[in-house]
Amino acid sequence: MPRLLAGEQIGTCLRPSQGRIAARKQWLAGQLQIRGKLTLDDGAVKVLRQAGKSLLPVGVKAVDGQFARGEVVACFDLAGREWPGAW
């Protein structure tokens, strides 16, 4: 420590490839358990692509699984592609 504090360049500095928030979101995503599946019509898919928009029940064409408010569900388009990802 005294050598480092004196400014000596020793060792290797490793920097994270992601920022703190991105790493935290990735960690949270790995801890979540999907409780259900929603199949959405084309209008609902379009709305979800826009940041800050909400999903309305009319856009949900099928529901699989049992889940409560606040639990995580996976969203799929009519072609079976999961969001986010293939959309």
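Our structure is the block above this text.
Residues numbered from 1 in each chain as written. Predicted model: local features only at pLDDT ≥ 70, side-chain atom pairs only at ≥ 80, totals over all residues. Heavy atoms only, no water.

On inspection of all chains with the given rule, the structure shows zero aromatic pairs. The lysine or arginine in question, K37, covers the ring of F76, its NZ or CZ lying 4.6 Å from the ring centre. (Phe/Tyr/Trp six-rings, centres within 6.5 Å; stacked < 30°, edge-to-face > 60°. Lys NZ or Arg CZ within 6 Å of the ring centre and 35° of its normal.)

The subject of this paragraph is the environment of G59. Tracing the chain through its elements places G59 in the loop between α3 (42-49) and β2 (60-65). Note: C-alpha distance between G59 and Q31 (28 residues apart in sequence) is 28 Å. Excluding residues within four positions of it along the chain, G59 makes contact with T39, L40, D41 and A44. (Helix = DSSP H or I, 4+ residues; strand = E, 2+ residues; numbered from the N terminus. Contact = heavy atoms within 4.5 Å.)

Moving on, we come to α3. When we look at burial in α3, the residues that qualify are A44, V45 and L48. When α3 is viewed along its axis, its buried side chains cluster within an angular range of 100° and face the same direction. With respect to the buried face of α3, the exposed residues turned more than 90 degrees away are D42, K46 and R49. Against the buried residues of α3 lie β1 (34-40), β3 (72-76) and β4 (82-83). For α3, the N-terminal capping position is held by D41, with its side-chain oxygen 3.2 Å away from the main-chain nitrogen of G43. (Buried < 20%, exposed > 50% of the residue type's maximum accessible area, 1.4 Å probe, protein only. Arc of directions from axis to C-beta. Polar contact = N/O pair within 3.5 Å; in protein donor to acceptor, adjacent residues only side chain to side chain.)

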